[in-house]
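So you can see what is in the structure, the chains are spelled out below.
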Amino acid sequence: MALNETHDAGLQSWVASANTGKSEFPIQNLPFAVFRRTGKNEAFRGGVAIGDQVLDMAAVSAAKALGSAVQTQVEAAAQAQLNNLMAMSPAQWSALRLALSRALRAGAAEEAALKACLVPQSEVEYTVPAKVGDYTDFYTSVYHATNVGKLFRPTNPLMENYKWVPIGYHGRASSIRISGVDFKRPNGQLKAPEADPVLKPCNRLDYELELGIYAGAANTWGDAIGIEDAEDHIFGLCLLNDWSARDVQAWEYQPLGPFLSKNFATSISPWIVTLEALEPYRTAFTRPAEDPQPLPYLSSAANRERGALDVQLTVAIQTPKMREAGQDAAQITQTSYRHAYWTMAQLIAHHTVNGCDLQPGDLLGTGTLSGPTPSEAGALLEITEGGKNPLSLPNGETRTFLQDGDAVVFTGWCEKPGAARIGFGECRATVLPARQV
């Protein structure tokens, strides 16, 4: 990927709402989702965000409004699952993005044809935008790993392998849900000190602030993806909340790691921001000189020079009392993906070095993206130090972990001088009471 005309901060769209400077979806973004009109008996289909509208790619395909050169990509982007689009090459993705950008610019000849293909975002609902065959969750923030490790191993918070190998575990793809889908507090085995385990609702429910990385074209089973080629296999990014039952996790995680504490729900934002759209916000990937440097298969000049991304991320909580009082969710965290200890390319290279075959639409979670200061912590487990120091909210309420009725809202965006501000939308879900056991 490289900077090109689609990144020009001066571009304006004939869709006026994209030009306000406040929209998450200016013409420099153009993320993909799968949607339908709310309350209508319609099929889900692909769409592209522009301002406060969705460009209905099924309508664009039917009208052949972007021309024959990208019609194959348009047809793939119009489907109810975007896996076929994800399976294409970066050159094909880039050609579609360029065609969309040119057709949506102020003065474009396609304006008349495409106006009929717009649907207000306020009138739509979304679904998971791809068939996620597999989901892997990583652990890429050294700050999160250190903060959590201190709770259990004060004198040795990081395991020996952490700075050598990207740590991950196999998550549960079937319980991934789109933003806005609420979920029941999970039940699980809990064990208090000096007592036998019991089955009951989790009482230490937490969120984890993450990004999701959608895999693009597959690699052949048995073949590794080299770090130089890794980003050719990344379609784009979304927001991801890896809900976690900390008390269930504490009892079950030895010796094989998370299971029921993680597989009950994972929330993702609807919009996939493409890797090409994120190109202006790249930054250098660095390691402290005293730390082990990545092994050769996890290192390249390009990864060192531009492998990190400065994606700003926030967490906000809205309690039932806030909702009743008409108060918005209160922000409690802001951090950046640039603090991650391992890059996107390193995750892909490591995931496949043993011959594992990634498939289009597979999802990789970054792990909790905490930064170096307390205000950048990406989970309540860190913020409250395991529940010892309750979080104070602006309305006077406190939280150690999430209560029933609490909504957690993630947002994400990129901005820098000389580039347009682009956003990810939001990832939101509310905790419902547990099923009776």
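Cut-offs and rules
Residues numbered from 1 in each chain as written. Predicted model: local features only at pLDDT ≥ 70, side-chain atom pairs only at ≥ 80, totals over all residues. Heavy atoms only, no water. UniProt positions renumbered as here; feature names shortened; annotations may be inferred. Helix = DSSP H or I, 4+ residues; strand = E, 2+ residues; numbered from the N terminus. Buried < 20%, exposed > 50% of the residue type's maximum accessible area, 1.4 Å probe, protein only. Contact = heavy atoms within 4.5 Å. Phe/Tyr/Trp six-rings, centres within 6.5 Å; stacked < 30°, edge-to-face > 60°. Lys NZ or Arg CZ within 6 Å of the ring centre and 35° of its normal.

Peer 1: Which parts of the structure should I look at to understand the UniProt feature "binding site: Mg(2+)" (unreviewed entry) in the chain?
Peer 2: Cross-referencing UniProt, the feature "binding site: Mg(2+)" (unreviewed entry) maps to D242, K262 and T266 in the present numbering. Despite a sequence span of 25 residues, these residues sit close together in the fold, their greatest C-alpha distance being 8.0 Å. Tracing the backbone through its elements, the reader meets K262 in the loop between α7 (246-252) and β16 (266-268). By relative accessible area, which is 7% here, K262 ends up buried. The exposure class of T266 is buried, given its relative accessible area of 1%. Filtering out sequence-adjacent residues up to four positions away, T266 remains in contact with Y135, S175, I176, R177, L240, N241, D242 and W243.

Peer 1: Would you mind going over the UniProt feature "domain: Fumarylacetoacetase N-terminal" (unreviewed entry) in the chain with me for this structure?
Peer 2: The feature "domain: Fumarylacetoacetase N-terminal" (unreviewed entry), as annotated in UniProt, sits at residues 28-129 in this numbering. End-to-end, the C-alpha atoms of residues 28-129 are 21 Å apart, and along that stretch the chain is 37% helix and 23% strand.

Peer 1: I keep staring at the packing of aromatic side chains and nothing clicks. Help me out?
Peer 2: Where two aromatic rings form a pair, the distance of their centres and the angle of their planes describe that pair. Under the defined criterion, the tally for this structure stands at 10 aromatic pairs. Summarising the aromatic geometry, the rings of Y162 and Y341 are spaced 5.8 Å apart at their centres and angled 45° between planes, so their arrangement reads as tilted. In this pair, Y162 sits in the loop between α6 (142-152) and β7 (168-170) while Y341 sits in the loop between β21 (330-336) and α10 (344-352), placing the two residues 179 residues apart along the sequence. Grouping residues by exposure puts Y162 and Y341 together as buried. By the ring-pair criterion, three or more aromatic residues cluster together here, those being Y139, Y162, Y341 and W342. A cation sits over an aromatic face here: R287 above W342, 4.3 Å from the ring centre.

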